[in-house]
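Results of the structural survey
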Amino acid sequence: MAARRSRAAGDQAAAAAAFSADTFRFLKALDFHQDRAWFQANREMYEQTVRAPMIATVDAVTAAMRRRKLPFLGDPRTAILRIHRDVRFTKDKRPFNAYAAVMLTRTGRRESEGKFYLQIDPKGSFVAAGFYRPAPADLLKLRRAIAARPTRFLAMQAALKRGGLALDPEEQLSRRPSGFAEPDPRIEAALRLKSFFVLRNLATADIVDPAVLTTACVGFAAAAMPLMRFGWDVLA
């Protein structure tokens, strides 16, 4: 009886801290206003509909990752990205991110290379994993590893494909980087990439169900592991 009451209390707490239609309404309103005074006046709504569900999501996802022995760690205090934007070095002076996001790494520290990323966004939510805009020295290591052992890279791509994933081609050079001779045609496009990551879109119906969201995150992370292992081995 006590165990059932404990599970019921846990279910109620999870439901109270779940993403909802109010989450998306708040983020849309924040995007429209982009005003610090408005944010302060509506901070309680932010805490209830955005931050509390994100904390619960980090806890649930990291626990599920441990059970699946997937090397992605994070603490809500550092894994959740700030809603306030750093506008010091950009022309875009909007003070807030109109989305909620979390970043996990194999060490739990955000600066570690190779990341799992979740973004809750009215304009389109998604999960991603990989090596996004790595430092020039790391990018060169990845490209050299691909050129030196193309069959290993192609095997990694094939493993991703079996999991329903493919490297995102969004960020790439218009031509082959300097210093690389004409490669195997099968890796030509990969050598032009500036980032090595995979991405999967999330439906709103999945996001507002905590159990479904956790399962989606963990399933995606497992499918992305061929890329993560490849990158970590190269950068080690």
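Up top is the structure.
First, a word on scope: everything that follows refers to the structure included in this document. (Residues numbered from 1 in each chain as written. Predicted model: local features only at pLDDT ≥ 70, side-chain atom pairs only at ≥ 80, totals over all residues. Heavy atoms only, no water.)

**A few points about the packing of aromatic side chains**
How we decide: Pairing of aromatic rings covers Phe, Tyr and the six-membered ring of Trp, with a centre-to-centre limit of 6.5 Å; geometry is then stacked below 30 degrees between planes, edge-to-face above 60, and tilted otherwise. Segments assigned H or I by DSSP are reported as helices when at least four residues long, segments assigned E as strands when at least two residues long, and all are numbered from the N terminus. The rule is simple: take the accessible area with a 1.4 Å probe, protein chains only, and divide by the maximum for that residue type; under 20% is buried, over 50% is exposed, in between is partly exposed.
Taken as a whole and judged by the stated rule, the model has 11 aromatic pairs. Consider the rings of Phe72 and Phe116, whose centres lie 5.9 Å apart with planes at 50 degrees: the pair is tilted. With Phe72 in the loop between helix H4 (43-67) and helix H5 (76-79) and Phe116 in strand E2 (residues 115-120), this residue pair connects regions lying 44 residues apart in the sequence. As far as burial versus exposure is concerned, Phe72 and Phe116 are alike and both buried. Pairing Tyr117 with Phe126 gives two aromatic rings, centres 5.8 Å apart and planes at 40 degrees, and the pair type is tilted. Judged by relative accessible area, which is 16%, Phe126 ranks as buried. Here a set of aromatic residues connected by ring pairs shows up, and it is made of Phe26, Trp38, Phe39, Tyr46 and Phe96.

**Describing the pattern of salt bridges**
To keep it simple, the criterion reads: Salt bridge criterion: a side-chain nitrogen from Lys or Arg within 4 Å of a carboxyl oxygen from Asp or Glu.
According to the stated counting rule, one finds 13 salt bridges in the structure shown. Note that Asp31 and Arg94 form a salt bridge whose closest N and O atoms lie 4.0 Å from each other. Here Asp31 is found in helix H2 (residues 21-33), whereas its partner Arg94 is found in the loop between H5 and strand E1 (100-105), with 63 residues between them in sequence. A residue is classified by how much of its surface remains accessible, and Asp31, at 24% relative accessible area, is partly exposed. In this structure Arg94 comes out as partly exposed when scored by relative accessible area, which is 40%. Residues Asp92 and Arg85 are paired through a salt bridge, measuring 3.7 Å at the closest nitrogen-oxygen approach.

**What to know about the sheet that holds E2**
Put simply, the rule is: Pairs of strands are assigned from DSSP output, requiring at least two bridges between the strands. Note on geometry: axes are lines fitted to C-alpha atoms, helical ones only across the stretch in contact, with angles between N-to-C directions running from 0 to 180 degrees. Here a residue-residue contact requires only that any non-hydrogen atoms of the pair lie within 4.5 Å.
Taken in spatial order, the four strands of this open sheet run E1-E2-E3-E4, and their pairing is antiparallel. Because the sheet does not close on itself, it has two edges, and the strands there are E1 and strand E4 (196-202). Strand-to-strand twist of the sheet, defined as the mean angle between neighbouring strand axes without regard to direction, takes the value 15 degrees. Lying on the sheet, H4 is in contact with E1 and E2; it crosses E1 at an angle near 25 degrees.

**Focus on the nonpolar core**
Rules: Definition used in this section: a nonpolar core is a set of buried Ala, Val, Leu, Ile, Met, Phe, Trp, Tyr and Cys residues joined via side-chain atoms within 4.5 Å.
Judged by nonpolar contacts, the single largest core of 62 residues is most densely connected at Met65, Phe72, Phe116, Leu118 and Phe153. Here this core takes 14 residues from helix H10 (residues 210-235), the largest share from any one element. Other than its neighbours up to four places away in sequence, Phe72 contacts Thr62, Met65, Leu104, Thr105, Lys115, Phe116, Ala221, Met225, Met228 and Trp232. Counting five residues, the second largest nonpolar core, distinct from the first, contains Ala101, Met103, Tyr117 and Ala128.

**Comments concerning the pairing of E2**
For E2, the tally of buried residues reaches five of six residues, placing the bulk of the element in the interior. As judged from the six bridges shared by E1 and E2, these two strands associate in the antiparallel manner. Across the sheet, residue Met103 finds its bridge partner in E2, namely Tyr117. Here five bridges tie E2 to strand E3 (residues 125-131), and the two strands are oriented antiparallel to one another. In the strand pairing of E3, Tyr117 is matched with Ala128. Linkage of E2 to E3, two consecutive antiparallel strands, is achieved through a turn of four residues, within which Gly124 is found at a positive phi near 140 degrees.

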